[in-house]
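For reference, the chains in residue letters:
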Amino acid sequence: MTTWLVAGGAGYIGAHVVRSLQAAGAQPVVLDDLSTGDPLRVGVPLIKGDIADTELVVDTLRRYQVAGVIQLAADKQVEQSMRQPLTYYRRNVVNLLQLLTAMQEVGVAKLVFSSSAAVYGMIEGDDVRESDETAPINPYGETKLIGEWLIQDQARAAGLRYAALRYFNVVGAGSSELADHGRTNLVPMVLDAMRRKARPVIFGDDHPTPDGTCVRDYIHVSDLADAHVAAIGALAQPGASHVLNVGCGRGYSVREVIDMVAQVSGHPLDPIVGDRRPGDPASVVANTDLISATLGWRARHDLRDMVRSAWEAELRTASLPSPAPSPDASGSTSEGKR
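Residues numbered from 1 in each chain as written. Predicted model: local features only at pLDDT ≥ 70, side-chain atom pairs only at ≥ 80, totals over all residues. Heavy atoms only, no water.

### Section: the environment of D217
In this fold, D217 is placed in strand β10 (residues 215–220). Residue D217 is classed as buried on the basis of its relative accessible area of 0%. Remark: the alpha-carbon pair of D217 and V170, spanning 47 residues in sequence, is separated by 8.9 Å. Beyond its immediate stretch of four places on either side in the chain, D217 contacts F168, N169, G247, C248, G249, R250, V284, V285 and A286. Of note is the side chain of D217, whose polar atom sits 2.9 Å from the backbone nitrogen of G249. (Helix = DSSP H or I, 4+ residues; strand = E, 2+ residues; numbered from the N terminus. Buried < 20%, exposed > 50% of the residue type's maximum accessible area, 1.4 Å probe, protein only. Contact = heavy atoms within 4.5 Å. Polar contact = N/O pair within 3.5 Å; in protein donor to acceptor, adjacent residues only side chain to side chain.)

### Regarding the pairing of strand β7 (residues 161–167)
Along β7, seven of the seven residues are buried, which leaves the element largely enclosed by surrounding structure. Burial of β7 is two-sided: the residues R161, A163, L165 and Y167 facing one way and the residues Y162, A164 and R166 facing the other way are all buried. Relative to β7, strand β5 (residues 110–116) runs parallel, the two being bridged by seven bridges. Its bridge partner lying in β7, F113 is registered against A164. Bridge count for β7 against strand β11 (residues 242–246) is five bridges, and the pairing is parallel. Following the sheet pairing, A163 is matched in β11 by H242. (Pairing = 2+ DSSP bridges.)

### Topic: the UniProt feature "domain: NAD-dependent epimerase/dehydratase" (unreviewed entry) in the protein chain
UniProt feature "domain: NAD-dependent epimerase/dehydratase" (unreviewed entry): in the numbering of this structure it lies at residues 4–247. Secondary structure across residues 4–247 divides into 39% helix and 21% strand, with the first and last C-alpha atoms of the span separated by 24 Å. (UniProt positions renumbered as here; feature names shortened; annotations may be inferred.)

### Some thoughts on helix α6 (residues 186–195)
Most of α6 is tucked away: eight of the ten residues are buried. For α6, the set of buried residues is L186, V187, P188, V190, L191, D192, A193 and M194. After α6 finishes, the residue K197 shows a positive phi value of roughly 55°.

### Re the nonpolar core
Core analysis: the biggest nonpolar cluster contains 56 residues, and I13, I70, V112, V170 and W297 have the highest contact counts within it. For this core, the element with the highest residue contribution is helix α7 (residues 221–235), accounting for eight residues. Non-local contacts of I13, meaning those with residues more than four positions away in its chain, are made with L72, Y167, V170, V221 and L224. Counting residues in hydrophobic clusters, the runner-up holds 26 residues, among them L31, V69, A155 and V243. (Core = buried A, V, L, I, M, F, W, Y, C linked by side-chain atoms within 4.5 Å.)

Structure, rendered in structure tokens:
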């Protein structure tokens with residue numbers, strides 16, 4: 001079986017990727033500095049360390065005879081990147097350079113890179129394509145785009161084969177122990193408000209969308225993890241490299257998401273409407289034709305699946321009220337195939 005190094009594999013997304021790799025018959029090895037990762041999520045060999053430590057990475061690649069690397073080890077908070085740009089450039093760009101240096105030394109020539117829809121910047125619409133202009137508006141998005149450029153240049157120079165996956169908004173949990181403990185994404189923020197018995201906040205309800213709130217493309221974390229496995233399969237083809245959107249290909253408004261949390265949990269929510277946030281596009285939805293055609297991958301889960309999995313994981317790991325029985329809260333548990 002093939003061994004892949006998952007850098008950042010103790011994190012929320014990384015741990016799901018590890019599970020998907022195992023299900024596909026691969027042998028993952030995790031390298032993580034555990035600054036935000038949880039070692040209890042990892043049921044495979046775990047090396048504590050930083051991808052900037054070239055000597056450690058070289059030793060790990062050789063010791064485990066690694067065939068390729070999945071790079072998820074990066075900082076990802078937009079607001080924090082505005083306050084700490086040097087930290088983001090060091091951890092997201094310089095560290096990537098060090099990782100690529102180690103890979104070249106050992107002769108590992110396959111890479112799946114965690115990129116982001118933040119590379120598009122203020123682009124709007126229900127059909128954001130990989131060929132659209134990239135003009136990020138914050139240091140986080142800039143570091144992800146520079147990372148793509150760095151990888152592309154190394155591919156031209158050294159024959160690296162890569163897949164850069166531009167994530168849209170990641171939601172849900174594959175199991176309770178893999179829950180998202182961060183509080184920077186919409187669903188965890190709503191659940192956190194419920195825990196504090198506070199009202200969730202909607203940033204503006206006067207956007208040019210059907211209900212006035214921002215529309216985004218959400219992707220279940222398990223679907224995202226499966227996309228990494230599909231990307232590994234595509235890299236088995238000589239000369240194949242790809243830049244791909246990873247989303248559902250349809251949008252949900254902020255109000256729709258909050259309403260779904262209320263339905264799934266059985267607890268009514270009365271959000272506060274605040275001012276718009278500067279730089280928030282009204283609607284951003286991925287076109288997923290390219291990843292479907294290239295990898296044969298398509299998201300399987302709908303919004304209810306995403307919210308239900310997040311809610312059930314939170315119930316098992318935090319002090320949240322138990323769901324009240326109601327017709328809305330006992331809706332379909334289907335896979336939500338599209």
